[in-house]
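What follows is the residue order along each chain.
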Amino acid sequence: MRLFTLVFLLFFTSSFSAVSLAATVYGRVADEAGKPVSFASVILLAATDSVVAATELTDEKGEYHLTPAANGSYVVKVIMAGYEHELSSAIMVTGADVAVPDIILHTKTTNLKEVSVRAQKPFVEVHADKLVVNVENSIVNTGSNALEVLARSPGVRVDNNDNISLKGKQGVNVMINGKVQPIGGEELANMLKSMPANAIESIELISNPSAKYDAAGTAGIINIKMKRDKKVGLNGSVNASYAQGVYGKTSWGFNGNYRNKKVNIFANYNGGYREGFNHLTLDRNFLEKGVFTGAYVQDNNYVYEIASHSGALGVDYSLSARTSIGGSVSGDVTDFLRDGYNYSVVKSAATPDMPRHFVTKNGAPNVWGSRVGNVNLRHTFDSGGSTLAVDVDYAMYPGSGTQDFTTTYYNDISTDTTPVPAPVIFNGKLKGLTQIRSVKADYTKTLRGGTTLEAGAKVSYVTSENDLQFFNSRNNELIPDTGRTNHFLYTEHINAGYVNLSRNYDKWSAQLGLRAEQTIAGGDATMLTGDSSFTRNYTQLFPSFAVQRHLNKQNDLGVTLSRRIERPNYDQLNPSVYYLDPTTYKAGYPYLNPALSYSAELSWTNNQRFITSLNYTITSNPITQVIQPSETEQRVTIQTQKNLKRTEYYGVNGAYQLRLAKWWNNTTNANVFYAHYVGDIAGTNLSEGSVAFSVNSSNSFILPGDWSAEVSGFYQAAQVYGYMYLKPQWMLNVGIQKNLLQKRATIRLNATDIFWTGYPRATSNYNDYVESFVAKRDTRQVIVSFVYRFGKRTLPPAMRHRGGAEDEKQRARNATG
């Protein structure tokens, strides 16, 4: 790794020192009246092949200064909203500054009163390498949270425990603004629940990423892009919404941005208060060599309150036409209060006529949050597009909370003289902190012949600590419970580097990449039951390959191949226990191994609107959530993560955009797949698979009078997932909106899950244990929202650089449960 870093730094230094500054091209842009035009985009193009040599925005005097990297013949192009594009005559740069005659912009002649065009981005955009869900353009997603939006996205499924799968495959890597989130499981789900849809611009669903991305995520990447205003001057928006299901939910926020040709300052705030519930009914049957011995019939209902506040502040500054620096800070805090009530009927084969029951009341107030900082540098070396991007990130995710449980036992028959166990009262206290440090550099250069070289390196260091203490209450005194208490420490150091080559030909395009990642990790869990320490040290190579053939104007064929990894997140490794009742708890498994997968995809694109693909993935040691009987405790059920031996996945996916009428657009995504699972857990051999399918369809309607409407829904057929058989689920959503105040304001009314059918149902089967469950949630809601946009409406004509680092913080948001 040291050799790789040294070579990279030498390459960077030599490239930077090779830059030589040429003369300046300067001039002025004015309108037909001779008045200066500010914030117009001025682009310097090579006269021979129109390659962009430099870009600039005019200042308040309409003036610009452009510095090409080399001498040669150029033309100046000016673009400004509301004006025709203008082009200067050719100029020759030979070493001295060149003055360009004033460029006069002419107003576009379109009569807006005679021609009225209303265009609207579709809810789902189909691209060759990904699907893009335009959340801000969706009526039915207004007032929802990020997890609910994901559950309604094409090919995405969220199960009863908030685990996310893509195209029927587990192991999704969730990113926000291109940065990997370092947490998962319940903590990731809670973060997404506290993120309002009003703050999201779009969601990218990438099933087969290139070597430039982190190798994590055997099922692919879900990238959530937050809103960022791109207009010139001071702009922003304020929003508020109210939703009513069984319980009420409110959200509010603002997004502000100030941009000129040198500085871009942005800030946002979002708040929310949500109430909801999770009603879980269970039927658990215990057997011994196939003979029934007893059962629990359980009704669990918990009501929760979530109060969340999040904000961000950042600045980008252009040091020159080729160099910019930036920085940002963001944070959030969420108060989560859960009150649960569990009623369990106890059945026994030995005493079938003497049922008993117990009642568990539990409360779990928690507070968690995040503090994230980033500084970045972007530099363009030459007119050929050679660029360097450097990001330094730090993130911390603190959390604390308590668990209070009281269980009381009852005999249901008056003649039953069996002694009733004494009430069980215990209390748990949790403190946790995950910290991430990351440095990342990406270099891009166009080589001779048109080949693009991308190379980069990344170093990250993560520490996670969770201290869980349990106490039993006896005679109003809290006594430490050393059997449940656990202190878990985890460290992880990842060194990564990649090289990616791509090239476009007349009829072909190809990409070849290789990524290397070294992982050094260790965990230490101190429990009375024994030492659960472990270490990991391994290096893996992750090749990727893609080729596309342009058959004709309407048709393209593509092939992609890749190898990826799913590392256990910190929550999955933590053996601390979290109780639902005395017979049910959740715990991590410190001996999980990483899952490795190979994926192949063949795609056919027709008219850039219809994409059909064939997929195959084989995964060794897949990490799978299981609900299994305890192997050491009688009639106790554990929710945990285990490695299966392998899974094989075969799929056919179709993403189609249809224009059924001038006022009616439809986007439909269909996925048919077969998944086969092989493993051995809790003494039960597994070799099961099934054919399943899912359909997601979204319809948008442009109506008269600045009205528009949307109807969307999905259907997920029954499927096998490991030891579970998931039953079908479906959902229908409708919404309508009206633009007001010259389209500066929008009011929306929508209803989600109208028939209340979007909740999971499943059955788990083991040799001596069978469980069925239904998990109902507050998904049927009616939501009203209002958005007001202020400021100028002028878009900057050109962006000098792309956004921040691409892969920083995934698995920390998977860290604590």
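Residues numbered from 1 in each chain as written. Predicted model: local features only at pLDDT ≥ 70, side-chain atom pairs only at ≥ 80, totals over all residues. Heavy atoms only, no water.

Brief notes about the overall build of the chain
For clarity, the threshold we go by: Here a strand is any run of E in DSSP of at least two residues, a helix any run of H or I of at least four, and the numbering for each starts at the N terminus. A 1.4 Å probe rolled over the protein chains alone gives each residue an accessible area, and that area as a share of the maximum for its type sets the label: buried under 20%, exposed over 50%, partly exposed in between. Residue-level accessible areas treat just the shown protein chains as cover; the underlying method is Shrake-Rupley with a 1.4 Å probe.
Summing up its helical and strand segments, the chain has four helices and 51 strands in all. Looking at the chain as a whole, 53% of its 817 residues qualify as buried. Carbon and sulfur atoms provide 59% of the accessible area of the chain, an area that totals close to 35,500 Å².

Quick word on the nonpolar core
Let me state the cut-off plainly: In this description, a nonpolar core means a group of buried Ala, Val, Leu, Ile, Met, Phe, Trp, Tyr and Cys residues linked to one another through side-chain atoms lying within 4.5 Å. We call two residues in contact when some of their heavy atoms are within 4.5 Å.
Ranked by size, the top nonpolar core spans 27 residues in total, and within it Ile164, Leu192, Ile203, Leu205, Ile222 and Ile224 carry the most contacts. Within the residue set of this core, elements represented by two or more residues are strand S11 (131-133), helix H2 (146-151), strand S12 (156-158), strand S13 (164-166), strand S14 (172-176), helix H3 (185-193), strand S17 (200-206) and strand S18 (220-226). Apart from the residues lying within four places of it in its own chain, the contact partners of Ile224 are Val174, Met175, Ile176, Asn177, Leu192, Met195, Ile200, Ser202 and Ile203. Ranked by size, the runner-up nonpolar core spans 24 residues in total, among them Tyr296, Ile681, Leu726 and Tyr769.

Comments concerning the packing of aromatic side chains
For any two aromatic rings, the description comes down to two numbers: the centre-to-centre distance and the angle of the planes. Let me state the cut-off plainly: Put simply, two rings from Phe, Tyr or Trp (the six-membered ring, in Trp's case) pair if the centres are within 6.5 Å, and we call them stacked under 30 degrees between planes, edge-to-face over 60, tilted for the rest. For a lysine, the NZ atom is tested; for an arginine, the CZ atom; a charge sits over a ring if that atom is within 6 Å of the ring centre and within 35 degrees of the ring normal.
Across all of its chains, the model carries 31 aromatic pairs by this definition. With a centroid separation of 5.6 Å and 25° between ring planes, the pair formed by Tyr649 and Phe673 is classed as stacked. Taken as a pair, Tyr649 in strand S40 (residues 646-661) and Phe673 in strand S41 (residues 664-681) lie far apart in primary sequence, 24 residues in all. When sorted by exposure, Tyr649 lands in the same class as Phe673, which is buried. Ring centres 4.6 Å apart and planes at 15° place the aromatic pair Tyr723 and Tyr766 in the stacked group. Pair noted here: Tyr723 is in the loop between strand S44 (719-721) and strand S45 (724-726) and Tyr766 is in strand S48 (residues 761-766), with a separation of 43 residues, a long-range link. On the basis of relative accessibility, which here comes to 6%, the residue Tyr723 falls in the buried class. Put simply, the rings of Phe286, Tyr296, Phe358, Tyr409, Tyr723, Tyr766 and Tyr769 touch in pairs and so form one group of aromatic residues. The ring of Tyr302 carries Arg338 above its face, with NZ or CZ at 5.0 Å from the centroid.

Things to note about the pattern of salt bridges
Formally: Take a side-chain nitrogen of Lys or Arg and a carboxyl oxygen of Asp or Glu: if they are within 4 Å of each other, that pair is a salt bridge.
Counted under the stated rule, the structure contains 10 salt bridges. Lys225 is the partner of Glu204 in a salt bridge, and the nearest nitrogen-oxygen pair spans 3.9 Å. Here Lys225 lies in strand S18 and Glu204 lies in strand S17, a separation of 21 residues in the sequence. Residue classification places Glu204 among the buried residues on the basis of a relative accessible area of 11%. Linking Arg515 and Glu517 is a salt bridge whose minimum nitrogen-to-oxygen distance equals 2.7 Å.

Some details on the side chain of Gln628
Heads up, the condition is: Identification of polar contacts relies on pairs of N or O atoms within 3.5 Å, with a donor-acceptor requirement for protein atoms, meaning one able to donate a hydrogen and the other able to accept it, and with residues adjacent in sequence counted only if both atoms are side-chain atoms.
Counting through the fold element by element, Gln628 comes out in strand S38 (residues 623-629). Side-chain polar atoms of Gln628 contact the side chain of Lys642, separated by 3.2 Å. Setting aside residues up to four positions removed in sequence, Gln628 forms contacts with Val636, Thr637, Ile638, Thr640, Lys642, Ile681, Ala682 and Tyr766.

A short note on the sheet that holds strand S34 (residues 577-581)
Threshold: By the convention used here, strands pair only if DSSP detects at least 2 bridges between them. Axis lines are fitted through C-alpha atoms, for helices just across the contact stretch, and the angle between N-to-C directions can take any value from 0 to 180 degrees.
The sheet built from four strands is open, its strands ordered S34-S35-S39-S38 with mixed pairing. Lying at the two open borders of the sheet, with one neighbouring strand each, are S34 and S38. Across the sheet, the axes of successive neighbouring strands diverge by a mean angle of 25°, strand direction being ignored. Summarising the sheet, S34 and strand S35 (residues 584-587) pair through four bridges and their orientation is antiparallel. Pairing of Tyr579 across the sheet is with Tyr585, part of S35.

Remarks on the pairing of strand S33 (residues 555-566)
Looking along a regular strand, one sees side chains alternate from face to face of the sheet. Relative to S33, strand S32 (residues 534-550) is paired through seven bridges, and the arrangement is antiparallel. Following the sheet pairing, His550 is matched in S33 by Asp556. Sheet topology note: the S33/strand S36 (residues 595-606) ladder contains 12 bridges and is antiparallel. Counted as the bridge partner of Leu557 is Trp604 from S36.

Examining the pairing of strand S22 (residues 291-318)
Pairing analysis gives 26 bridges linking strand S21 (residues 263-288) to S22, with the strands arranged antiparallel. Looking at the pairing, Gly276 lines up with Tyr304 of S22. Hairpin connection between S21 and S22: a loop of two residues separates the two successive antiparallel strands, and Lys289 in this loop has a positive phi of roughly 55°. Sheet topology places S22 next to strand S23 (residues 323-348); 25 bridges connect them, and they run antiparallel. Within S23, the position partnered with Val303 by the bridge is Asp339. The turn linking S22 back onto S23 is made up of four residues.

Regarding the side chain of Asp753
Heads up, the condition is: Residues counted as positive are Lys and Arg, residues counted as negative are Asp and Glu, and His and the chain ends are not counted.
Position of Asp753 among the secondary structure elements: in the loop between strand S47 (745-752) and S48. Here Asp753 is buried and forms no salt bridge, its nearest opposite-charge partner Arg780 lying at an N-O distance of 7.1 Å. Here Thr757 takes part through its backbone nitrogen, which lies 3.0 Å from a polar atom of the side chain of Asp753. Residue contacts for Asp753: discarding those within four places in its chain leaves Trp730, Met731, Leu732, Asn733, Gly758, Thr779 and Arg780.

Here we look at the environment of Gln469
The topology assignment puts Gln469 in strand S27 (residues 452-474). Note on Gln469: relative accessible area 32%, which makes it partly exposed. Counting along the chain gives 38 residues from Gln469 to Lys431, while the straight-line C-alpha distance between them is 9.0 Å. With near-sequence residues (within four places) excluded, Gln469 lies in contact with Asn427, Gly428, Lys429 and Thr485. Reaching out from Gln469, the side chain makes a polar contact with the side chain of Asp467 at a distance of 3.4 Å.

A word on unusual backbone geometry
Located in the positive-phi region is Gln742, a residue other than glycine, with phi close to 55°. Locating Gln742 in the fold gives a position in the loop between strand S46 (729-740) and S47. Not every positive phi belongs to a glycine, and Asp753 is a case in point at roughly 45°.

Focus: the confidence of the model for the chain
Rule in force here: pLDDT measures how confident the predictor is about each residue, on a scale from 0 to 100.
Per-chain confidence: the chain averages 82 in pLDDT, with 85% of residues scoring 70 or above. With pLDDT under 50 throughout, residues 1-22 is counted as low confidence; its partners more than four residues away or in other chains account for 28 contacts. Taken together, the stretch residues 110-119 has pLDDT below 50 and engages in six contacts with residues farther than four places along the chain or on a different chain.

Remarks on a nonpolar patch on the surface
How we decide: Patch building starts from residues that exceed 30% relative accessible area and form no salt bridge, then joins like charges within 9 Å and nonpolar side chains (Val, Leu, Ile, Met, Phe, Trp, Tyr) within 5 Å.
Together, Leu602, Leu614, Val652, Val672, Val691, Phe693, Val695, Tyr715, Trp730, Ile754 and Phe755 make up an exposed nonpolar region whose accessible area comes to about 930 Å². Here the nonpolar patch gets three residues from one element, more than from any other, and that element is strand S42 (residues 684-703). Turning to its location among the elements, Tyr715 is positioned in strand S43 (residues 707-716).

Side note on the environment of Leu686
Secondary-structure assignment places Leu686 in strand S42. On a C-alpha basis, the gap between Leu686 and Tyr723 in space is 7.3 Å, while along the polypeptide they are 37 residues apart. Residues within four places of Leu686 in sequence aside, it is in contact with Leu644, Tyr677, Val678, Gly679, Gly722 and Tyr723.

Some remarks on the environment of Gly217
Looking at where Gly217 falls in the secondary structure, it is placed in the loop between S17 and S18. For Gly217 and Val174, which are 43 residues apart along the polypeptide, the C-alpha to C-alpha distance reads 8.4 Å.

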